[in-house]
Amino acid sequence: MTEENMIKITVIIAGRPYPLRIKAADEPAVRKIVKEVNDKITTFQSAYQGRDKQDGLSMTILTYAFDLYKLRQDKPLVNEPGIDSHLDNIDEILDQLL
């Protein structure tokens, strides 16, 4: 990946800023994922009042991990074009959040 294709953005997840370096073409997808993650965190916080944002974030990650596990069990992804790069992007984002 060349530096020319990369941009710096800051996303807010569970009220905390996270600087990212991503491909410019991936920015809309990253922003959409961030919104979805924040919505899930809010949903968990509403359902389990009295818990902190860390609990909501943990439940959100567990939900995504379980969904990915089920997807891999139901349909192996090895033949899907481009799926590896999408999974790598998700993995990079999760690594930066943890």
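The sections below set out a description of the structure shown in this document. (Residues numbered from 1 in each chain as written. Predicted model: local features only at pLDDT ≥ 70, side-chain atom pairs only at ≥ 80, totals over all residues. Heavy atoms only, no water.)

Where two aromatic rings form a pair, the distance of their centres and the angle of their planes describe that pair. All chains considered together, the criterion is met by one aromatic pair. Plain terms: the ring middles of Phe44 and Tyr48 are 6.5 Å apart, the flat faces sit at 15° to each other, and that makes the pair stacked. The exposure class of Phe44 is buried, given its relative accessible area of 17%. The ring centre of Tyr64 lies 5.4 Å from the NZ or CZ of Lys40, which sits over that ring. (Phe/Tyr/Trp six-rings, centres within 6.5 Å; stacked < 30°, edge-to-face > 60°. Buried < 20%, exposed > 50% of the residue type's maximum accessible area, 1.4 Å probe, protein only. Lys NZ or Arg CZ within 6 Å of the ring centre and 35° of its normal.)

On to the pairing of strand S2 (residues 16–23), then. Bridge count between strand S1 (residues 6–13) and S2: eight bridges; the pairing is antiparallel. Across the sheet, Ile13 pairs through a bridge with Arg16, a residue of S2. Counting the residues between successive antiparallel strands, the hairpin from S1 to S2 contains two residues, one of them, Ala14, with a positive phi of roughly 55°. (Pairing = 2+ DSSP bridges. Helix = DSSP H or I, 4+ residues; strand = E, 2+ residues; numbered from the N terminus.)

Let us now look at the environment of Ile93. When you line up the elements, Ile93 lands in helix H3 (residues 83–97). For Ile93, a relative accessible area of 11% corresponds to the buried category. Sequence separation between Ile93 and Val30 is 63 residues, and the spatial gap between their C-alpha atoms is 8.6 Å.

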